[in-house]
Every structure is written in structure tokens, then in C-alpha cells.
There are 2 protein chains.
Amino acid sequence: MRKAEKKSSITLVDVAREAGVSAITVSRVIRTPHVVSERSRRKVEAAVEKLGYVPDAAASALASNRTDVIGLLIPSLTNSVFSDVLRGMYDEAENHPFSIQIGNFRYRPLTEEMLIGKFLRQKPAGLIVAGLDQTDISKGMLRAADCPVIQIMDYDASAEGDMIGFSHYEAGAAAARHLRDRGYRRIGFLGARMDPRTQRRLAGFNDALNGTDDPQQSKRVIVTSTASSVSLGAELLRELLVRAPDSDAIFCNNDDLAIGALLEAQRRGIRIPEDFGICGFNDLEMSKQMNPGLTSIATPRYEIGRLAISTIVDALSSDKASDPTRIDLGFTVVMRGSSARAVD
Amino acid sequence: MRKAEKKSSITLVDVAREAGVSAITVSRVIRTPHVVSERSRRKVEAAVEKLGYVPDAAASALASNRTDVIGLLIPSLTNSVFSDVLRGMYDEAENHPFSIQIGNFRYRPLTEEMLIGKFLRQKPAGLIVAGLDQTDISKGMLRAADCPVIQIMDYDASAEGDMIGFSHYEAGAAAARHLRDRGYRRIGFLGARMDPRTQRRLAGFNDALNGTDDPQQSKRVIVTSTASSVSLGAELLRELLVRAPDSDAIFCNNDDLAIGALLEAQRRGIRIPEDFGICGFNDLEMSKQMNPGLTSIATPRYEIGRLAISTIVDALSSDKASDPTRIDLGFTVVMRGSSARAVD
DNA sequence: TTGTAGGCGTTATCAG
DNA sequence: CTGATAACGCCTACAA
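What you see is a predicted model, and the numbers here were worked out from it, not measured in a lab.

Colleague: How would you explain the UniProt feature "domain: HTH lacI-type" (unreviewed entry) in chain A if you had to name every residue and give the values?
Modeller: Per the UniProt annotation, the sites labelled "domain: HTH lacI-type" (unreviewed entry) are residues 10-64 of chain A. Along residues 10-64 of chain A, the helical share is 71% and the strand share 0%, with 20 Å between the first and last C-alpha atoms.

Set out below in C-alpha cells:
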């Protein structure tokens, strides 16, 4: 017989009666206290306290056509990158009355499209999407959405909409230049997953090396669509050393691959950085502990998450259409032992 | 003038009119198709299709006092452990019409208490909480909740409620026995965070070593309340070697610490496994790639996540109170090079 | 600054 | 198996 209890819950009307005002006044005290007189506000607050009133989110959503859910669309939960982004978001969201709901589209544009539709139908307070590479249908939905929409993790001045991220193309180019600056001349690329951001890093990498004196350059690019992992880094290094044995350095898609490659190089007795240089991407916490420390490109993942939430909160609280948010947070090349070869 | 458009959305009533039935019949076709006649169902389905009807979640929640949100309470987003759990949950949830909403209580019991209250007020479809160690108030709320509640990540036959996990006490004991079996006799423990599950692993570890011939045992337990990281593993190993320099093995709280300790041992020229054995916990993907491979205790994280969702789904679909769900998924000691010392 | 009236889209209830 | 009638608790609009 454990059916739902007779709902004896306290409603706005109960509070209003207790406070001697109307229901709408109670509602206003809760949502927009500044438009209510000091006196009413006090009475209402006392009544809320006394009765233990708790607003009903569903009723509010139905009446206002708006929820307090911020939707987040990410391509992967495996990727350690997104755990930092999430951390930033949750840290920031803690100060605000919003809930975060995650949709995982598994690097599949059509799944993303479906999830955008699903989220939008729930009248979210805001939407955060990873990347700038949605399908045209997705882009149309995002453009038409009547809530703030922020794209994160990437930055491209020529793309439309609000965005917080950094340029993956420039990051790839910076990695290539760093390795060249350290004297490496036959530089490879190890890449997994090959999502659009990875591809832009590769493009930047290629362009930066273009016109240098390495005729074998294109043979040194080893990529796969498989998901990234430490083991895969070891595997891709082995493949590189078969296809282009004279390679003297690599830029890896991310630190997982780079760590795998570094450990594999050690097993093969390859001296790092003397004989072979390695640069990773993302700068995970563990990278600096490797022997030698892994050179990597530090990306502002936590900050992106934090800013994404605060931007949405700001957009929601200011009535006027706020300025577009287009923030390039940049990245940093962090040199450590794995590329610290002596240069004359 | 970008106010909300005149809401021209299609409602149940529109569909009902189109199909020539009543609104409630449409509602039933959507929620409980089997109680509607074949004929009505067809007509309704056609109308839904034609009009592009999409149910309104808020209205449904208000009327039924129930949402499709499964709440998840975890102590950390940093911890790589939970990303596997999440992956299992999202993979399983993909087959069902539920959304997952994550609350991060940051290892703070009072934050957890607050979040449980917040979630419960939203009338969730179900609730998943990590661990068995809630405050009394939290436990009371969970007991009184009128939705399925599952505790995950831990298993204790003497605790109440539904749970899916494994015994951390046994895992700690198994690690200690493994190291002794490999001939190590002065075995330390490195621990961070020291949440309740970690403490139970330590208890199991201590009990398993109790009565052995090591008088210094207690000096070899190095713990801190700091969050776990690879760097911290290195640091704790240094501390152990100061406080008990004759130690010949360690069991680490988790693989992050173990990897940090292994890398630090390498820097110090300590031979592993000959002079020093290491056993981690969780068996991360990277652990098998270390040089030497890291012995670890594999835990069924993905499976726990998957089962947690499917258990809730099952409980929701069967009307009758289903049997209690109390599943001990166990763990596995995976021996690799870091403890593979020759034993006579 | 406050209140009145009405409706948001769905589901529970109970009768047919 | 189907339907009429009432909520569900709050918010928008407008008026005072």
C-alpha cells in the first residue's frame, strides 16, 4: 500500500495566506525580491521559513516555459579532458540555482543533433556545446534557440555565435615550432579519434612544417579513428618507427598518447630527449611526473568550464541583450625533459 | 523585440482532436500503450506523427508528481574512477527515456545531505548515491524517498538498502596478502583523501598483516586528507622512505598514487620489483603500460554504473515491489611486473 | 508596489 | 477499453 502520500505540500498560496499577501507577491519575493517592498518581503520570508515552503520546479517550468537546467553536450565521457571542464562548471554552478544535465553524443554528429533537439524541448536555461562543428541542422536549432548558447573548447574568429576556447590550429603549429626550435628535424604526428579539433591541430602542425627540409613529412603522420588511450600511444609509436624509422620527434594528439609513446620508447631503449623528442597536448597532472617530464601544451580546461557557466548566468540576469561572448583563452607550451635537448 | 514566440506548440488536445479520441487516450498511448485498443493506438500514432507532437516534460511532472530524471550523487569529479562509472550509466541510459543529473558533494557529508534534499524535491525517477556512509539525516531521507534508491561502489552485507559494489575491506586484505605471497615482508600503505571506502581498504590491509612478523607495521602507513594525484604518490613514497626506510613494498590507495610512487622509485634508482613491490588499486588503463607494469586491483566500475541504471529502470517498470538488489561484484588482483618478484 | 483572473499541458480519478 | 472533470502549483498579463 505504499502509494504516494496525500500530498500535503506547502504551496505559494499557503505562504501567501500566512503572510497576509497574495500569491503573486510571494512568487516575486522568491524570483525578483528587489521589486517587492521591504515590508512585504519580510513578512513573506518569515512565512516561508515558518512553513518550510519549497518551490515546485515542475509547476514553475510549466507556467514560465523555462527550467533551471543548463544542458551540456560533450562528445565523450572517457576523455579526461572533459572531467576538468566539468569540474570548472560544477564549481561555478555551486553559486547559482542551476542544475547541469549532460548529454554524451559520442563524437557522433547525428546523436548530437538529436540531443540538441531533446534539450531544447525541455526549455533549458542555457546550452553549452563542445566544439564549433555541428551539422547544419544542429546549427539552425542553436541559432533559433531562445536561451543563451555557448560553444566551448574551440575558438575560430570566423565562426558565428558565442564561444570560449582557444585555437587548435595555432596549438598544433606551436607544437611543431617548439620541436623545431629544439633542433628536431624529422617530426611525426600521432593522432587518435581525429575529431574536428584534432584535425585542426594536425593542420596547424602540417602548415608550420611545410616548406621545411623534410621530404618524408607526410609519412610521419600516423592517425587512427580509434579512441585515444595510453596503450594506443605505444602502438602508434611502433607504427611510426616502422613506417619512418628515421623520425626524431613526435607531437601527440594528447597526453595519453604521448605518455604511451614515451613509455614505449623507454622499453625500446630510445633515449629521450637526446635521440627522440616528444610533445603532448593538454598537460595532464601526471605528465610532469614522467621520467623525463613530458613537454606538453597546457589548455585552460577548468577555466573554460567555469566561464561557460558564469557567462550563461550573466546573460540570464541582465535583461538587455548582452554583448557577444567570444573569448580566446589561449594555451601554453610547457617544456619539460621530453623535448629539452641541448641546442647550440 | 525577441520575446518568446506565441506558443504555437502542439498539445495532447490537438492530437486528440486529430485522432478523434480524447486527450487522456492519447496520454495512455504514450505512457501505457498496452491498455489501449489496437485501433485507437493506430489513430493516435498517426496523429502524433502528422502533427509532430512532442510531450511537455514540465506539464507531465506537475500532473504526475514525477520526473524522468535519475539523480546521481558522487563525491568527486576529479577522480578518474567516476568517469568509468558515468560511462556505464550513460551507455545504459541511452536505451531508456531517462536523464541523468549529477550532484557533486565533494566528499562533504553535509553537502551530500543538502543535495539529497534538493534532488528529492524534484521528484526524481530514481536516485543513485555513491557509498554507504551517509549522515543519519541523509539515510533517513533516502529511506523515506518514494523512488528507487541504489547505493553504489561499496558492498557491506550488514548495511541496509539496495547496493551494487564490492567489499573495500576485502580488497585491502587481498592486496596485503598478494604482496606477502610475493615474499614482501615490510609492507607500507599510501593513502590520500581517506574517505570511508579508503579507510575500509586500510582496515582490511591492516587486519591481513596483523600478527605478522613486522613490528614497524604501523609506521609504514602514510596517509593524508589531501586529494589524490600522481604527484602526491611521489611525495608520499618519499615520506615513507624517511619514516620507515626499510620498507620493501607498498599498497596504494589508488593507481594515481601508485604510478606516482613507481615513477619516484625509478628516479631514486630503486629496483622494482626486486627491491620494492608496488600494488595499486582500480587498474586504470595506463597501469599496464608502465615500466614495469603496475600490479593493481581491478574494480568493476563500468559494470556498476550500467547495473545501477538498469536496476532502477527495472524497479520502475515492474509494479510489484521487486526483490532487494544487493550485488557484490567483487574485484580481481591483477599481477604485473611491479610485484612480480621471483619467489622460492 | 500589489493584486485579480486565467491558463500552462498533463495526469488521477472514477464512472461508463 | 474509454472519457469527462478536476486538479497539479506557478506565472504572465493586465489593471489598480
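Next comes the rest of the description.
Colleague: Explain the interface of chain A and chain B to me, using residue names and the numbers behind them.
Modeller: A common way to express how large an interface is: the accessible area buried when the components associate. The interface is formed by 45 residues belonging to chain A together with 46 residues belonging to chain B. Carbon and sulfur atoms supply 52% of the area that chain A and chain B bury against each other, a total of about 3900 Å² over both sides. Among the residues chain A hides against chain B, the three largest losses belong to L77, Y90 and Q289 of chain A. Together they make up 14% of the total. Counting across the interface, chain A meets chain B through 8 salt bridges. E94 of chain B is the partner of R106 of chain A in a salt bridge, and the nearest nitrogen-oxygen pair spans 3.1 Å. Along the contact surface separating chain A from chain B lie 26 residue pairs in polar contact (both at pLDDT 80 or more). Partitioned by chemical class, the residues of the side of chain A that touches chain B number 18 nonpolar, 12 polar and 15 charged.

Colleague: Please give an account of the sheet that holds strand 9 (residues 277-279) of chain A that cites residues and values.
Modeller: All names here are of chain A. If you walk across this open sheet you meet the 4 strands as 7-6-8-9, and the pairing is parallel. Only two strands of the sheet have a single partner each, and these edge strands are strand 7 (221-223) and strand 9. Taking the axes of each pair of neighbouring strands and ignoring which way they run, one obtains an average angle of 15° across the sheet. Contacts from helix 9 (residues 196-209) reach strand 6 (187-191), strand 7 and strand 8 (249-252), with the element oriented near 175° to strand 6.

Colleague: Explain the protein's contact with DNA strand C to me, and be specific about the residues and the numbers.
Modeller: The environment of DNA strand C is made up of 26 residues, and the closest members are S37 and S40 of chain A together with L12, S27 and Y53 of chain B. Backbone atoms, meaning sugar and phosphate, form 69% of the atoms of DNA strand C found within 4 Å of the protein. One of the side-chain nitrogen or oxygen atoms of R28 of chain A is found 2.8 Å away from a base nitrogen of DNA strand C. Contacts to DNA strand C include S27 of chain B, whose side-chain N or O atom sits 2.4 Å from a phosphate oxygen. Mapped by element, the contributors of at least two residues to the surface near DNA strand C are helix 2 (23-31) and helix 4 (57-64) of chain A together with helix 2 (23-31) and helix 4 (57-64) of chain B.

Colleague: Which residues make up unusual backbone geometry, and what values go with them?
Modeller: A cis amide bond links I272 of chain B to the next residue, P273 of chain B, at an omega of 10°. With respect to the element layout, P273 of chain B can be found in the loop between helix 11 (255-267) and strand 9 (277-279). Look at the link from N291 of chain B to P292 of chain B: it is a cis peptide, with omega at -5°. By the element assignment, P292 of chain B lies in the loop between strand 9 and strand 10 (296-298). The phi torsion at R106 of chain A lies on the positive side, around 55°, for a residue other than glycine. Of note, R106 of chain A is situated in the loop between strand 2 (99-104) and helix 6 (109-121). In this structure, N65 of chain B is a non-glycine residue whose phi angle is positive, near 65°. By the element assignment, N65 of chain B lies in the loop between helix 4 and strand 1 (69-74).

Basis of the calculations
Residues numbered from 1 in each chain as written. Chains lettered and ligands numbered in written order. Predicted model: local features only at pLDDT ≥ 70, side-chain atom pairs only at ≥ 80, totals over all residues. Heavy atoms only, no water. UniProt positions renumbered as here; feature names shortened; annotations may be inferred. Helix = DSSP H or I, 4+ residues; strand = E, 2+ residues; numbered from the N terminus. Contact = heavy atoms within 4.5 Å. Buried area = accessible area lost by both parts, 1.4 Å probe. Salt bridge = Lys/Arg side-chain N within 4 Å of Asp/Glu carboxyl O. Polar contact = N/O pair within 3.5 Å; in protein donor to acceptor, adjacent residues only side chain to side chain. Nonpolar A, V, L, I, M, F, W, Y, C, P; charged D, E, K, R; others polar. Pairing = 2+ DSSP bridges. Axes fitted to C-alpha atoms, helices over the stretch in contact; angles between N-to-C directions. Near = heavy atom within 4 Å.

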